[in-house]
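# Reading the structure
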Amino acid sequence: MRDDTIMVIGAGQMGSGIAQVCAQAGYSVYMYDVSEDQIQKGMNRISDRLVKQAEKGKMPHHDVKDIYLRLSPSDSLNDAGEAFLIIEAAVERMDVKKDIFKRLDEKTKDKAVLASNTSSLPITELASVTKKPQNVIGMHFMNPVPVMQLVEVIRGLETSDQTFDTVVATAEKLKKVPVEVHDFPGFISNRILMPMINEAVFALYEGVAEKESIDTIMKLGMNHPMGPLALADLIGLDTCLYIMETLHKGFGDDKYRPCPLLRQYVSAGRLGKKTGKGFYTYDSK
Ligand SMILES: NC(=O)c1ccc[n+]([C@@H]2O[C@H](COP(=O)([O-])OP(=O)(O)OC[C@H]3O[C@@H](n4cnc5c(N)ncnc54)[C@H](O)[C@@H]3O)[C@@H](O)[C@H]2O)c1
C-alpha cells in the first residue's frame, strides 16, 4: 500500500473529475471502470479539460503531461491493493456499490480507506458488506469536480476517526473544503437540492410553465447560477431519479415521490447532458 496512490472506481463524469483533481494534487491514480469505453472517454475528458486550462494560461503546458502521466487506466480491482484511498464513483445503485465494496474489502490492505461518492445511499449499509466498516466513509464531491469546492464527508455508524481524518486531509490536499455530515438519506446537499429539482419537474409535468421559464425564474428570481432543469440534465436524470427513490424509501414520506415525468425520461434513455438529451438537447455526448 502506498500513501501517494488513490484508486477511483467508475470513470463517468464524477469518477473522471475525481481522478483528475487527485492527479493534479500530485497523487498517482488508478481509474477503473467495468466499461473500457467509459475509461477511454474518461481519459479523453480529463485530457481535454487539462489542455483547455493550459490554453487559458491557468497552468503551464508541461504540467498537463505530468498530470496525465500520473493517471493509469485500470481494468482490475486488484490495483486497489496499492492504494491508501479508494473512491468509488460508480452508478448510484446500492446493489452495484455493495458488490464493489465487497470485492474491494478482499483486495485492499487493512488500513486502506474505502470511500463512496454516493449522492444519497446510506454509508452504514454499504459498510455492512465489508469486514472493516471502520474504514468506510462517504466522500461526496460536487459536479463538475474540478470546479466545485465542496466535499461532503459522511460518517457511517462505525466510521473511525482515523478514516475521517484521512479523508479530510486528502480533501484539503485536493484544495476542497470538507464539511462533515451524518448518515441520513441524501445527507444535506441532496436532501435539500433534489426535492427542489423534483418539484421543478412536477411544475413542468403539470404545465405550469415551459422549461425555459422555470429555469429563468430560478436564475433571475433566486439568483441560482443555473435553472433546476438544466442542473438536472448536468447531474444526469438517472442519478436524480435514484436519489429521489432513496429519499422516498429512506424517509417513507410521499413528499419525496419522484415525478412520473422524471421516471419516463429515464426509461426513454433521456439521461441529460451525458446522453445528449434530457430536458434540453446537447450537441455532443
Ligand atoms: N452527476 C452528479 O452530479 C453527481 C454529483 C455527486 C455525486 N454523484 C454520484 O457519483 C456516482 C457516479 O455518478 P456519475 O454522474 O459519474 O455517473 P455516470 O453515469 O457518468 O458514470 C457511472 C459510471 O459507473 C460505471 N459503472 C457501472 N457499474 C460499475 C461497476 N460495477 N464497477 C465500476 N464501474 C461501474 C459506468 O460504466 C459509468 O462509467 C453516483 O453514485 C452519483 O450519485 C453524481
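Residues numbered from 1 in each chain as written. Predicted model: local features only at pLDDT ≥ 70, side-chain atom pairs only at ≥ 80, totals over all residues. Heavy atoms only, no water.

The protein is annotated in an unreviewed UniProt entry as 3-hydroxybutyryl-CoA dehydrogenase from Bacillus glycinifermentans. The Pathway (unreviewed entry) comment attached to the protein in UniProt states, word for word, "Lipid metabolism; butanoate metabolism." Recorded in UniProt for the protein, the comment headed Sequence similarities (unreviewed entry) runs: "Belongs to the 3-hydroxyacyl-CoA dehydrogenase family." (UniProt positions renumbered as here; feature names shortened; annotations may be inferred.)

Another aspect to go through is the packing of aromatic side chains. Inspection of the entire model under this criterion finds 4 aromatic pairs. Ring centres of Phe 202 and Tyr 205 lie 6.3 Å apart, and the angle between their planes is 70°; this geometry places the pair in the edge-to-face category. Linking Phe 202 with Tyr 205, this pair stays in helix α7 (residues 189–205), spanning 3 residues, or about one helical turn. Overall, Phe 202 belongs to the buried group, its relative accessible area being 9%. (Phe/Tyr/Trp six-rings, centres within 6.5 Å; stacked < 30°, edge-to-face > 60°. Helix = DSSP H or I, 4+ residues; strand = E, 2+ residues; numbered from the N terminus. Buried < 20%, exposed > 50% of the residue type's maximum accessible area, 1.4 Å probe, protein only.)

Our next topic: the pattern of salt bridges. Per the stated rule, a full pass over the model turns up 13 salt bridges. In this structure, the salt-bridge partner of Glu 88 is Lys 97, at a minimum N-O distance of 2.5 Å. Judged by its relative accessible area of 0%, Glu 88 is buried. For Lys 97, a relative accessible area of 1% corresponds to the buried category. With its nearest N and O atoms 2.8 Å apart, the salt bridge here joins Arg 263 to Glu 245. (Salt bridge = Lys/Arg side-chain N within 4 Å of Asp/Glu carboxyl O.)

When you line up the elements, Asn 117 lands in the loop between β5 (113–116) and α5 (123–127). On the basis of relative accessible area, Asn 117 is assigned to the buried category, the value being 6%. Separated by 2.7 Å, the side chain of Asn 117 and the backbone nitrogen of Phe 141 make a polar contact. Here Asn 117 is in contact with Met 14, Ile 18, Glu 88, Ala 89, Met 139, His 140 and Phe 141, once residues within four sequence places are set aside. (Polar contact = N/O pair within 3.5 Å; in protein donor to acceptor, adjacent residues only side chain to side chain. Contact = heavy atoms within 4.5 Å.)

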